[in-house]
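Structural overview for review
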Amino acid sequence: MATRDPLDFDIGVEDDEDGTPSPSSISPPSSPPSYFDRDRHVAFFEMLYNLMPYHYQSQEINRLTLAFFTISGLHLLKALDRVDKDRVVSWVLSFQAHPRSQAESKNGQFYGFHGSRTSQFPPDENGVSVHDAGHLASTYCALAILKTVGFNMLTIDKESILISMRNLQQPDGSFMPVHVGAETDLRFVYCAAAICFMLEDWSGMDREKARDYILNCQSYDGGFGLMPGLESHGGGTYCAVASLRLMGYIEDDLLSKNATSSIINVSLLLDWCMQRQAIDGGFQGRANKSSDTCYAFWVGAVLRILGGYKFIDKIALRRFLLTCQSEYGGFSKYPSELPDLYHSYYGYTAFSLLEEPGLNPLCAELGMTDLAALVHCFLFFQTDQKCCITALTLTIFDLSTRLLCGEKTLHRNRSLGAVKILFSPHNLAISVLRVCGRCTTLIML
Amino acid sequence: MESSEDDGGEPLSRLAEWRDVTPLPQDDGPNPVAPIAYKEEFRETMDYFRAIYKADERSPRALRLTRRAIHLNPGNYTVWHFRRLVLEALNSDLDEELDFIQRIANSNSKNYQLWHHRRWVVERLGTNARAKELHLIKSILSLDAKNYHAWSHRQWVLQALGGWEDELDYCQQLLEEDIFNNSAWNQRYFVVTRSPFLGGLTAMRASEVRYTVEAILANPNNECPWRYLRGLYKDDIELLVNNHEISSVCLKVINTKSDYIFALKMLLDLVCYGFQPCQEFRDAVVALWNSDSHPLDPDLATAICGILEHVDSMRASYWIWRKNKLPVAA
């Protein structure tokens with residue numbers, strides 16, 4: 001079950017092997033599985049949630065990431081009942097780095113979440129914290145886990161996270177993941193954008209600078225590299241497009257809007273993405289490389305965000321993914337290899353994009369379930385002066401008419417007010433089912 | 001200083017050198033999630049590392065300990081960070097450090113922390129390290145010519161320390177070895193557009209077009225040169241459309257009636273950009289189609305979409321969409 005490449009929170013840059021597939025992956029397995037084996041996947045992930053085999057010890061520094069994969073994976077599989085939510089919450093919150101004073105919160109360190117106890121030390125008798133610092137990727141995972149288990153995000157101390165996160169942003173708009181220094185690339189721009197989005201607060205970053213950095217990463221062929229000048233890559237492209245979407249610089253479903261004034265070259269990007277589906281039905285991360293399970297998510301999610309997922313050959317993709325499905329549960333990178341946590345998780349997200357029955361729908365921009373990705377929006381209402389609303393029942397559907405949110409009761413006898421409700425971050429249609437009162441105007445912001 | 005040999009994997013608790021240190025166990029808390037079943041060697045090494053790290057002991061033995069910890073979890077950025085602190089405190093020989101990284105590079109060639117550490121060392125050594133660096137990256141690429149980390153590091157070295165003079169030749173060499181290597185094509189673009197010795201994209205365009213057309217004719221089913229060709233024009237669409245070499249290579253490939261998918265795509269794009277094809281193009285496209293019951297549309301772009309729907313059937317929905325988006329002829 002060991003991964004060949006360290007997870008290292010490689011949310012996108014799983015460098016795949018050189019082009020030639022091994023013989024075992026060319027010939028079809030003797031009895032290929034013809035269905036998504038949900039029960040086996042649940043058992044596999046439940047096992048990992050409870051105990052990871054020693055092969056994962058080299059991933060200790062990314063423990064929170066490992067936990068995120070297991071928990072969010074179980075959520076995708078509609079098996080979150082296997083998770084002890086309270087236990088998870090207290091465990092995750094214990095990784096948060098806290099400044100002990102206002103002054104300390106501005107000392108340049110990042111007060112996000114650690115990924116592991118390995119980098120976390122309690123202060124000594126003199127109250128001195130040794131090398132205490134959070135990591136952007138761990139912070140993304142921590143918040144994602146909390147959202148997945150339904151934790152009330154409004155109770156998080158977000159101020160110190162957001163203020164100190166600004167220290168990680170570089171002059172060119174990119175982000176460093178830890179304040180002591182590390183590589184800067186699109187992965188961490190994405191983490192920063194996702195963090196701000198989940199905390200519903202953009203004070204943590206300069207969005208315009210980040211946008212400019214992202215645009216500099218678009219390659220001559222339409223895809224995005226991880227840094228300006230680098231080869232276009234599925235993971236880099238995902239980080240770029242998802243970040244732009246989260247930050248609000250591109251609209252949902254760009255392709256159906258005939259957007260000619262988009263800040264990115266959409267037609268070139270779309271063509272690049274489409275060409276990533278290879279002859280075996282799987283998706284490759286770069287031109288002329290082997291298909292790899294995880295790119296069914298990285299590239300598939302980009303297409304979903306753009307509104308072009310409908311163009312892919314879903315049957316061929318499904319067929320490829322099933323050759324990577326393990327009899328032990330989980331998915332491997334290439335056909336007929338051993339499964340690993342990372343490729344299993346992205347296998348599940350890929351099947352969710354394929355709308356596999358029995359899986360929860362996916363929020364493409366955040367890489368987790370739609371349900372976990374709910375954020376707040378304001379809904380304003382106004383009535384004609386003579387009447388007032390005493391109750392308002394809203395039924396909120398997303399574009400494929402899945403019910404997301406039910407009844408909300410408003411303040412009594414108000415003619416103008418607002419209600420704060422949870423939305424999925426996609427275009428929604430709202431239908432007002434019942435209003436006790438005569439007339440209304442509803443404005444959504 | 002640090003010995004060039006490993007400790008031999010002897011448990012630290014049995015080494016006299018470490019007798020004065022109390023290992024610090026990992027405090028996972030009462031209810032850890034996704035606990036890992038650590039092997040004893042890992043647990044012990046990290047317990048000692050934690051002790052040294054907390055005490056902030058920047059000594060030769062600490063340096064050796066970081067090497068051991070790196071071996072067990074090369075992804076642990078805390079360990080690498082502490083190693084850097086120790087190297088600085090001891091004023092260590094950074095050329096030796098480069099050698100150390102080189103020895104472990106092959107088995108860690110896709111490890112972010114290793115490459116970042118390398119960069120940190122090279123930054124301190126300056127331009128003197130340039131040649132050695134470019135050479136190391138070449139040796140990594142000779143094992144895996146598409147290693148993304150190696151390419152990223154190479155681009156950084158070129159931009160920070162120079163060494164551009166031979167880079168175009170290097171790209172040429174890699175492409176001769178494997179014309180399908182997209183990393184090499186990308187590097188070529190990088191050099192052509194940024195090398196201070198070459199004059200920039202506009203100056204290089206003509207020769208690059210010739211090179212790319214040759215590559216296309218040798219392997220028309222190779223996506224890379226087609227993308228590269230388009231990339232040479234970026235937003236200069238009019239120049240792209242008016243360059244006869246480009247439409248001409250499309251025609252040549254289509255006329256061979258084999259491996260013509262990318263050629264058709266390029267021709268479609270050209271027409272959408274305003275290219276006015278003469279009858280020769282129409283004849284070549286029609287010749288690909290052998291169904292009398294379903295004649296091709298008189299509009300060339302529509303006809304091309306129709307053919308692609310069949311010959312590039314994996315993307316059939318995409319071609320249908322593209323066809324429907326074509327501007328309706330007046």
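Residues numbered from 1 in each chain as written. Chains lettered and ligands numbered in written order. Predicted model: local features only at pLDDT ≥ 70, side-chain atom pairs only at ≥ 80, totals over all residues. Heavy atoms only, no water.

**Focus: the interface of chain A and chain B**
Each partner contributes to the interface: chain A provides 79 residues, whereas chain B provides 65 residues. Summed over both sides, the interface of chain A with chain B buries roughly 6500 Å², with 54% coming from carbon and sulfur. For the interface between chain A and chain B, the tally reads five salt bridges. Its salt-bridge partner being aspartate 271 of chain A, residue arginine 227 of chain B comes within 3.0 Å of it at the nearest N-O pair. Taken together, chain A and chain B are joined by 30 residue pairs in polar contact (both at pLDDT 80 or more). (Contact = heavy atoms within 4.5 Å. Buried area = accessible area lost by both parts, 1.4 Å probe. Salt bridge = Lys/Arg side-chain N within 4 Å of Asp/Glu carboxyl O. Polar contact = N/O pair within 3.5 Å; in protein donor to acceptor, adjacent residues only side chain to side chain.)

**Concerning helix 8 (residues 167-177) of chain B**
Residue and element names in this part refer to chain B. All buried positions along helix 8 are accounted for by Glu167, Leu168, Tyr170, Cys171, Leu174 and Leu175. The arc that holds the buried residues of helix 8, viewed along the axis, is 155°, so those residues lie on one side. Facing away from the buried side of helix 8 by more than 90 degrees, the exposed set consists of Asp169, Glu176 and Glu177. (Buried < 20%, exposed > 50% of the residue type's maximum accessible area, 1.4 Å probe, protein only. Helix = DSSP H or I, 4+ residues; strand = E, 2+ residues; numbered from the N terminus. Arc of directions from axis to C-beta.)

**Description of the confidence of the model for chain B**
Chain-level statistics for chain B give a pLDDT mean of 92 and a share of 97% at 70 or above. Among the scores for the predicted complex, ipTM is 0.94 and pTM is 0.89. (pLDDT = per-residue confidence, 0-100.)

**Looking at unusual backbone geometry**
What you tend to see is this: most non-glycine residues have negative phi, and most peptide bonds are trans. Residues and elements named next belong to chain B. Look at lysine 234: it is not a glycine, yet its phi comes out positive at around 40°. Along the chain, the position of lysine 234 falls in the loop between helix 11 (223-231) and helix 12 (237-242). Unlike most non-glycine residues, lysine 257 shows phi in positive territory, near 60°. The class for lysine 257 is partly exposed, based on a relative accessible area of 49%.

**Considering helix 11 of chain B**
For helix 11 of chain B, a buried count of nine out of nine residues is recorded, marking the element as mostly surrounded by other parts of the structure. Packed against the buried residues of helix 11 of chain B are helix 10 (266-275) of chain A together with helix 9 (182-194), helix 10 (200-218), helix 12, helix 13 (244-256) and helix 14 (261-272) of chain B. By the N-cap criterion, in which a side-chain oxygen at the helix start approaches the backbone nitrogen of a residue two or three places on, helix 11 of chain B is capped by asparagine 222 of chain B, the distance to cysteine 224 of chain B being 3.1 Å.

**Remarks on the packing of helix 4 (residues 94-105) of chain B against helix 5 (residues 112-125) of chain B**
Residue and element names in this part refer to chain B. Between helix 4 and helix 5, the least distance of the axes is 10 Å, while the angle of their chain directions is 155°. When the axis of helix 4 is compared with that of helix 5, the two are roughly antiparallel. Seen from above, helix 4 lies across helix 5 with left-handed handedness. For the pair formed by helix 4 and helix 5, the contact residues are Leu94, Asp95, Glu97, Leu98, Ile101, Gln102, Ile104 and Ala105 on the first element and Leu114, His117, Arg118, Trp120, Val121, Val122, Arg124 and Leu125 on the second. In terms of residue class, the contact of helix 4 with helix 5 is built from 10 nonpolar, two polar and four charged. (Axes fitted to C-alpha atoms, helices over the stretch in contact; angles between N-to-C directions. Parallel < 35°, antiparallel > 145°, perpendicular 65-115°, else oblique. Left-handed = near helix turned anticlockwise from the far one by under 90°. Nonpolar A, V, L, I, M, F, W, Y, C, P; charged D, E, K, R; others polar.)

**Looking at the pattern of salt bridges**
Residues and elements named next belong to chain B. Tallied over the entire structure, the rule returns 36 salt bridges over all chains. Between arginine 205 and aspartate 236 there is a salt bridge, and its shortest N-O distance comes to 3.0 Å. Here arginine 205, found in helix 10, pairs with aspartate 236, found in the loop between helix 11 and helix 12; they are 31 residues apart in sequence, far enough to count as distant. The class of aspartate 236 is partly exposed, set by a relative accessible area of 36%.

**A few points about the packing of aromatic side chains**
Where two aromatic rings form a pair, the distance of their centres and the angle of their planes describe that pair. Tallying each qualifying case throughout the model produces 40 aromatic pairs over all chains. Considering the side-chain rings of tyrosine 318 of chain B and tryptophan 319 of chain B, the 4.8 Å spacing of their centres and the 55° angle between planes classify their relative orientation as tilted. Considered together, tyrosine 318 of chain B and tryptophan 319 of chain B belong to a single accessibility category, that of buried residues. Ring pairs connect the aromatic residues Phe68, Phe69, Tyr140, Tyr190, Tyr238, Phe297, Trp298, Tyr342, Tyr345 and Tyr346 of chain A, which therefore count as one cluster. Over the face of the ring belonging to tryptophan 272 of chain A we find arginine 276 of chain A, whose NZ or CZ atom lies 5.0 Å from the ring centre. (Phe/Tyr/Trp six-rings, centres within 6.5 Å; stacked < 30°, edge-to-face > 60°. Lys NZ or Arg CZ within 6 Å of the ring centre and 35° of its normal.)

**Things to note about the nonpolar core**
All names here are of chain A. In terms of nonpolar packing, the biggest core is built from 236 residues, with Leu186 and Leu366 touching the most fellow members. The element best represented in this core is helix 7 (residues 186-199), accounting for 13 residues. Filtering out sequence-adjacent residues up to four positions away, leucine 186 remains in contact with Tyr213, Ile214, Cys217, Phe224, Gly225, Leu226, Gly236, Cys239 and Ala240. (Core = buried A, V, L, I, M, F, W, Y, C linked by side-chain atoms within 4.5 Å.)

**Side note on the environment of aspartate 206 of chain A**
By the secondary structure assignment, aspartate 206 of chain A is in the loop between helix 7 and helix 8 (207-216). Look past the residues within four positions of aspartate 206 of chain A in its chain and what remains in contact with it is Arg166 and Gln169 of chain A.

**Some points on the side chain of glutamine 187 of chain B**
For glutamine 187 of chain B, the location among the structural elements is in helix 9. With residues near it in sequence (within four places) discarded, glutamine 187 of chain B still touches Trp151, Arg154, Gln155, Leu158, Glu167 and Cys171 of chain B.

**A look at the environment of glutamate 60 of chain A**
Within the secondary structure, glutamate 60 of chain A is located in the loop between helix 2 (38-50) and helix 3 (63-76). Distance in space between the C-alpha atoms of glutamate 60 of chain A and threonine 118 of chain A is 7.6 Å, their sequence separation being 58 residues. Residues within four places of glutamate 60 of chain A in sequence aside, it is in contact with Gly115, Ser116, Arg117 and Thr118 of chain A together with Gln26, Ile36, Tyr38 and Phe42 of chain B. Among the polar contacts listed, one links the side chain of glutamate 60 of chain A to the side chain of serine 116 of chain A, at a separation of 2.7 Å.

**Section: the packing of helix 10 of chain A against helix 11 of chain B**
The interhelical angle for the contact between helix 10 of chain A and helix 11 of chain B, taken along N-to-C directions, is 175°, at an axis separation of 13 Å. Compared by their axis directions, helix 10 of chain A and helix 11 of chain B come out roughly antiparallel. Residues Leu268, Asp271, Trp272 and Gln275 of chain A of helix 10 of chain A pack against Glu223, Arg227 and Arg230 of chain B of helix 11 of chain B. Split into classes, the residues belonging to the contact of helix 10 of chain A with helix 11 of chain B amount to two nonpolar, one polar and four charged.

**A few points about the state of the cysteines**
Residues and elements named next belong to chain A. All told, the structure shown has zero disulfides over all chains when counted by the stated rule. Distance from the sulfur of cysteine 324, which forms no disulfide, to the nearest cysteine sulfur (cysteine 294) is 10 Å. Accessibility expressed as a relative area gives 1% for cysteine 324, which makes it buried. (Disulfide = S-S within 2.5 Å.)

**A few points about the environment of aspartate 185 of chain A**
Along the chain, aspartate 185 of chain A turns up in the loop between helix 6 (158-165) and helix 7. What makes aspartate 185 of chain A buried here is its relative accessible area of 3%. For the pair aspartate 185 of chain A and cysteine 239 of chain A, spaced 54 residues apart in sequence, the C-alpha to C-alpha distance is 9.7 Å. Ignoring any residue separated from it by four or fewer positions in sequence, one finds aspartate 185 of chain A in contact with Phe175, Tyr213, Leu226 and Met227 of chain A together with Tyr112 of chain B. A polar atom in the side chain of aspartate 185 of chain A sits 2.9 Å from the backbone nitrogen of arginine 187 of chain A.

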